[in-house]
Amino acid sequence: MSDGRRSTDPRAADPIRVDLSALRTPPGMRTLLAYERAARIPLHRRFFAVLAGVLLLTAAIVAALWWLGSIGMLARVPLLAVFGVFYGVMGAAGFVWYAVGLSRRARLAMFAGANGWAYADLLQGTRRPGSAFTRMRRSVERGVVASEDPRIPFELGLARSVGGRDEAATVQRPFAFIELPLPAKVPHIVLRNRRRSIVPTLGLGGARMDLEGHFASTFQLLVPEGYQRDALYIFTPDLMARVLDLGAGAELELVEDRAYVYLPGSTRFDRPDVMQGTVQLAEELHRRFAARTGPYRDENTGPIARPEGVAIGLGGQRLGGQGVSLLAVAGVSAAVILSAGITAFALFGGAILRSGG
């Protein structure tokens, strides 16, 4: 990394330089096996175990098709052969998907080691305060890289989960995330993406602020009532422009003393260009947020303000209501419609078929 002197102007700072060589070299078989041992992946989920399982499945399908052909069953029911081939192809595709994911995570591990950063193949139940995590019954994070360098402290990875809370189903599509620490606690603010939302915001209370200029077509700010001016103080136009550079699928959230950048689940941190841009973005956002949130003082704290730190008024700590993912609403609606259709057919389908015949 560069140790050059940094300017107070975020745009004038030297870019962070990292060793990307590990991401440019595909890992060999020996590297993959060493990664499985270092990551303590269970034996039944390791490369050769999964490969052996797929080969046994293929052998069983071939043997079953041969036996069905020998007794003439395939001639009478040729659809059985189609099912056999389908399951064989599905098994092969599943193994390729597993091997590709393992290779990508192995490259991330080598990259983290080359730069002196921490790495975890799998994290569960991390309890991060971000809204995209809090509604997960059990979060699963893969390929997590963490830096404790004071110039660029961050964690990044891929998260996924399907869970429930308060007896309401929540479907959360997989997403990539970058977590940054803040020097002080700030109000809960969500920069919602109008085109592709990751944070469950349907049903959240607070004020919705429409932005000016070309930002309005992509983003909307969700802030607690009474904190609109605070949001504009933190989310300056130059910061908005930098977030817009991430693409149409990015969202940002400030909650407690953390900042989260949410990206689509297809984000490839194992690609050198993506990781280079991610590290530079994390370093830049860390400086920008430190400059804007470090001197922040909440005028609504009242008697709960503590002399040892900055407190946030109760009204600003969390957006009111329970956020619900649009994907969850669509999934529940589809299930209800399908159940209604099956019930209707069970009750009236026979009469309709008889009348049509």
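Residues numbered from 1 in each chain as written. Predicted model: local features only at pLDDT ≥ 70, side-chain atom pairs only at ≥ 80, totals over all residues. Heavy atoms only, no water.

## Observations concerning the overall build of the protein chain
Selection criterion: Helix and strand definitions here come from DSSP, where helices need a minimum of 4 consecutive H or I residues and strands a minimum of 2 consecutive E residues; each element is numbered from the N-terminal end. When accessible area is computed with a 1.4 Å probe and restricted to protein chains, residues below 20% of their type maximum are described as buried, those above 50% as exposed, and intermediate ones as partly exposed. We call two residues in contact when some of their heavy atoms are within 4.5 Å. Computed with a 1.4 Å probe, the accessible areas rest on the Shrake-Rupley method; for each residue, only the protein chains presented here act as cover.
Counting secondary structure elements, the protein chain contains 11 helices and 7 strands. Here the protein chain holds 357 residues, and the buried ones make up 42% of them. The contacts in the protein chain between residues at least 6 apart in sequence include a share of 67% that link residues at least 24 apart. Of the accessible surface of the protein chain, which amounts to about 19,000 Å², a share of 61% is contributed by carbon and sulfur atoms.

## Quick word on the pattern of salt bridges
Note the cut-off: Any carboxyl oxygen of Asp or Glu that lies within 4 Å of a side-chain nitrogen of Lys or Arg is treated as forming a salt bridge with it.
The tally for this structure, following the rule as stated, stands at 13 salt bridges. Between Glu141 and Arg128 there is a salt bridge whose closest N-O contact spans 2.9 Å. Of the two residues, Glu141 sits in strand β2 (residues 140-147) while Arg128 sits in the loop between β1 (118-124) and α6 (131-134), which places them 13 residues apart along the sequence. An identical accessibility class is assigned to Glu141 and Arg128; each is buried. The network of salt bridges with shared partners includes Arg128, Glu141, Glu155, Glu179, Asp257 and Arg258.

## Section: the nonpolar core
The following threshold applies: For this analysis, a nonpolar core means a set of buried residues of the types Ala, Val, Leu, Ile, Met, Phe, Trp, Tyr and Cys, connected via side-chain atoms within 4.5 Å.
Core analysis: the biggest nonpolar cluster contains 45 residues, and Ile178, Leu191, Phe235, Leu254, Met275 and Phe289 have the highest contact counts within it. With 7 residues, the top contributor of residues to this core is strand β4 (residues 168-193). Among residues more than four places away in sequence, those in contact with Met275 are Leu20, Leu23, Leu108, Phe111, Leu156 and Phe269.

## Comments concerning helix α3 (residues 47-70)
Note the following rule: Take the number of residues in a helix, subtract one, and multiply by 1.5 Å to get its expected span.
Taking 1.5 Å per residue, 24 residues should reach 34 Å; α3 reaches 35 Å between its end C-alpha atoms and fits that length. All of the buried residues in α3 are Phe47, Val54, Ile61 and Leu68. Just beyond α3, the residue with positive phi is Gly72, at close to 80°.

## Here we look at the side chain of Ser131
Short version of the rule: Polar contacts here mean pairs of N or O atoms no more than 3.5 Å apart (in protein, one a potential hydrogen donor and the other a potential acceptor; neighbouring residues in sequence count only if both atoms are side-chain atoms).
Here Ser131 shows up in helix α6. Exposure remark for Ser131: the relative accessible area of 9% places this residue in the buried category. Only 3.5 Å separates the side chain of Ser131 from the side chain of His188, close enough to count as a polar contact. Side chain to side chain, Ser131 and Glu253 meet in a polar contact 2.6 Å long.

## What about a positive patch on the surface?
Rules: Residues enter patches when their relative accessible area tops 30% and they take part in no salt bridge; the joining distance is 9 Å for like charges and 5 Å for the nonpolar side chains Val, Leu, Ile, Met, Phe, Trp and Tyr. Positive charge is attributed to Lys and Arg, negative charge to Asp and Glu, and no charge count is given to His or to the chain ends. We put the charge of a Lys on NZ, of an Arg on CZ, of an Asp on CG and of a Glu on CD.
Residues Arg45, Arg137, Arg138 and Arg160 make up a contiguous surface patch of positive charge. On the secondary structure map, Arg137 appears in the loop between α6 and β2.

## A few points about the packing of α3 against helix α5 (residues 79-114)
Put simply, the rule reads: In this description, a line fitted to the C-alpha atoms serves as the axis of each element, helices being fitted only across the stretch in contact, and the angle between N-to-C directions of two axes falls anywhere from 0 to 180 degrees. Put simply, angles under 35 degrees are roughly parallel, angles over 145 are roughly antiparallel, angles from 65 to 115 are roughly perpendicular, and the rest are oblique. Residues were grouped as follows: Ala, Val, Leu, Ile, Met, Phe, Trp, Tyr, Cys and Pro as nonpolar; Asp, Glu, Lys and Arg as charged; and all remaining residues, including Gly, as polar.
One way to put it is that α3 packs onto α5 with a least axis distance of 10 Å and a crossing angle of 170°. Here α3 is positioned roughly antiparallel relative to α5, judged by the angle of their axes. Where α3 approaches α5, its residues Phe47, Val50, Leu51, Val54, Leu57, Ile61, Leu65 and Leu68 are matched on the opposing element by Leu80, Ala81, Gly84, Tyr87, Gly88, Gly91, Ala92, Phe95, Tyr98, Ala99 and Leu102. Looking at the contact of α3 with α5 residue by residue, the classes come out as 16 nonpolar, 3 polar and no charged.

## Some thoughts on the packing of helix α2 (residues 29-38) against α5
For the pair α2 and α5, the least separation of the axes is 10 Å and the interaxial angle reads 80°. Taken as axis vectors, α2 and α5 run roughly perpendicular relative to one another. Listed contacts from α5 to Thr31, Leu32, Tyr35 and Glu36 of α2 are Tyr98, Leu102, Ser103, Arg105, Ala106, Ala109 and Met110. Considering only residue class, the contact of α2 with α5 consists of 7 nonpolar, 2 polar and 2 charged.

## Examining the environment of Phe95
Structurally, the position occupied by Phe95 is in helix α5. The buried category is assigned to Phe95, whose relative accessible area is 14%. Spatially, the C-alpha atom of Phe95 lies 6.8 Å from that of Leu51, the residues being 44 residues apart in sequence.

## As for the environment of Arg242
Within the secondary structure, Arg242 is located in helix α8 (residues 237-244). Contacts of Arg242, omitting those with residues within four sequence positions, involve Leu281 and Glu284.

## Regarding the confidence of the model for the protein chain
As a reminder, the rule being used: As a per-residue measure, pLDDT tells how confident the predictor is, with possible values from 0 to 100.
Here the protein chain averages 78 in pLDDT, and 73% of its residues register 70 or above. Every residue in residues 304-310 is under pLDDT 50, and counting partners more than four places away or in other chains gives 10 contacts. Counting interchain partners and residues more than four positions distant, the pLDDT-below-50 stretch residues 328-333 has 6 contacts.

## As for the packing of aromatic side chains
Note the threshold: Aromatic rings from Phe, Tyr and Trp, with only the six-membered ring used for Trp, were paired whenever their centres fell within 6.5 Å, and each pair was classed as stacked if the ring planes differed by under 30 degrees, edge-to-face if by over 60, and tilted otherwise. A ring has a charge above it when a Lys NZ or an Arg CZ is no more than 6 Å from the ring centre and no more than 35 degrees off the ring normal.
Considering all chains together, one arrives at 12 aromatic pairs under this definition. Measuring from ring centre to ring centre gives 6.2 Å for Tyr35 and Tyr119, while their planes differ by 55°; the resulting arrangement is tilted. In this pair, Tyr35 is assigned in helix α2 and Tyr119 in strand β1, connecting sequence segments 84 residues apart. Here Tyr35 falls in the buried class, since its relative accessible area comes to 7%. A connected cluster of aromatic rings, assembled from ring pairs, spans Phe133, Phe175, Phe177, Tyr260 and Tyr262. The cationic tip of Arg128 hangs over the ring face of Phe133; the distance from NZ or CZ to the ring centre is 6.0 Å.

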